[in-house]
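# Commentary on secondary and tertiary structure
Here's the letter readout for the chains.
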Amino acid sequence: MKNVLITGCSSGLGRALAIEFARQGWQVWATGRKKETLSDLVPLGIKAEELDVTSEKQVCQLISQVAAEGGIDVLVNNAGYGAMGATVEMPETEVRMQFETNVFAPLKLVQAVAPAMIERRSGTIINIGSISGQVVTPFSGTYCASKAAFNSFSDALRIELKPFGIDVMSVKPGAIRSRFAENAKQALARALPENSFYKPVEKALWKRANASQDRPTSAEHVARVIVSRVKAGKASGSLKLGNGSRSLPFLQWLLPESVFEWVLSRVFQLNHLK
Ligand code: NAP
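A quick note: this is a predicted structure, and the numbers were derived from the prediction, not measured. For every chain, the first residue of the written sequence is number 1, and numbering continues from 1 along that sequence. It should be noted that, the model being predicted, local features are given only for residues of pLDDT at least 70 and side-chain atom pairs only at 80 or more, the latter also being counted only at that level, while totals for whole chains, interfaces and linings use all residues. Excluding hydrogens and water, the side-chain figures rest on all heavy atoms present in the structure.

## Overview of the environment of Arg33
Helix and strand assignments come from DSSP, with helices taken as H or I runs of at least 4 residues and strands as E runs of at least 2, each series counted from the N terminus. For Arg33, the location among the structural elements is in the loop between strand E2 (27-32) and strand E3 (47-50). Partly exposed residues are those whose accessible area sits between 20% and 50% of the maximum for their type, while under 20% is buried and over 50% is exposed, using a 1.4 Å probe and protein chains only. Given the relative accessible area of 66%, Arg33 is considered exposed. It is 8.0 Å that separates the C-alpha atoms of Arg33 and Val53, two residues lying 20 residues apart in sequence.

Okay, structure coming up:
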């Protein structure tokens, strides 16, 4: 049985991927910051393990554990969240935490897992980036920057690991039904200063934090498409899935930059500021 290790399985896409991989006969190692959030996956034959992706110690321990049970065939870097807020007011600690979670942690995981894959000349790495790494919107500059960085790492890895028989898929989702907005709102609550320059349009900040749940595609659908690609041996290249993942880049390509930004400033009420 092949091993797939997935990060961030307490909710949303990670959870749906864990269930779908298990349904398709894989040995799933579902990981999450709190092991108890994974307990209902265990009866499905899924191994549930504690993993905060920013903890180097936990990453090393888990990878050794899976190595002792056959090694990792598929790594899914899914854990992540959206640090929302006005770029000029983002506390540095929030920016650093965003990059630790969304960029450095998955990169470290790849660096820990890939050497064994290179030696075996086989393996698959699925990186869950975001369309936000391509199409930037106001009040999400930190998140967009982290996903742009991760998308770029992922695209470079694909070319560099191909000679060793390793597939890398950069998934760039649009809106997916999950707890993403809940977590983004918590991040915004931490970042928004009392005396914010953006107080008059505070509603627009919360609207951006909630945007991922605007007509979202189901996480189960997205998981089915990803797993079917892996099963078919076609888990390479970029994959855009979920509401807005194709239409937003198309609009951005179609419209002159000034018009596109005019639309965004209206959507997020920036024209109300003086
Ligand atoms: P979600 O329901 O909030 O799930 C995010 C998962 O990441 C949760 O399990 C969360 O665990 C975990 N996580 C966060 N920080 C972590 C850390 N330090 N260590 C381990 N796990 C951590 O949201 P989702 O939509 O399924 O998000 C999955 C991925 O899709 C993310 O990378 C996100 O950026 C990306 N994405 C989502 C959307 C969307 O519209 N939903 C769109 C584009 C991209 P806790 O429960 O412990 O917080």
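## Some words on the sheet that holds E3
The seven strands lie next to each other as E3-E2-E1-E4-E5-E6-E7, forming an open sheet whose pairing is parallel. A strand with exactly one partner marks an edge of an open sheet, and here the two such strands are E3 and strand E7 (237-239). Ignoring which end each strand starts from, the neighbouring axes of this sheet average 20° apart. The pairing criterion is simple: DSSP has to find at least two bridges between the two strands. Sheet topology note: the strand E6 (residues 166-171)/E7 ladder contains three bridges and is parallel. Residue Ser170 lies in a different strand from E7, and its bridge partner there is Ser238. Whether two residues are in contact is decided by their heavy atoms, any of which lying within 4.5 Å being enough. Angular values range over 0 to 180 degrees, each being the angle between N-to-C directions of two axes fitted as lines to C-alpha atoms, with helices fitted over their stretch in contact. Along the sheet face, helix H1 (residues 12-23) touches strand E1 (3-6), E2, strand E4 (74-77) and strand E5 (123-128) and points at about 170° away from the line of E1.

## Here's the deal with the pairing of E1
Where burial is concerned, the two faces of E1 agree: the one with Asn3 and Leu5 and the one with Val4 and Ile6 are both buried. Note: E1 against E2, four bridges, orientation parallel. Residue pairing across strands places Val4 opposite Val28, the latter belonging to E2. For crossovers, right-handed means that the path from the first strand over the helix to the second runs clockwise, given strands pointing away from the viewer. Each parallel crossover has a hand, and the one from E1 via H1 to E2 is right-handed.

## Quick word on the packing of aromatic side chains
Note on ring pairs: Phe, Tyr and Trp rings are taken, using the six-membered ring of Trp, and paired if centres are within 6.5 Å. Classes follow the plane angle, with under 30 degrees stacked, over 60 edge-to-face and the rest tilted. Evaluated as defined, the whole model comprises five aromatic pairs. When the centroid spacing of 5.7 Å and the interplanar angle of 80° are considered together, the rings of Phe139 and Tyr198 count as edge-to-face. Taken together, the positions of Phe139 in the loop between E5 and helix H4 (141-161) and Tyr198 in the loop between helix H5 (180-191) and helix H6 (202-210) put the pair 59 residues apart, joining distant regions of the chain. Each member of the pair, Phe139 together with Tyr198, is buried. Taken together, the ring pairs in this structure connect Phe139, Tyr198 and Phe268 into an aromatic cluster. One residue, Lys207, lies across the ring of Phe268, its end atom 5.9 Å from the ring centre. Counting as a charge over the ring demands two things of the Lys NZ or Arg CZ atom: a distance within 6 Å of the ring centre and an angle within 35 degrees of the ring normal.

Purely geometric stuff here, so don't read any function into it on its own.
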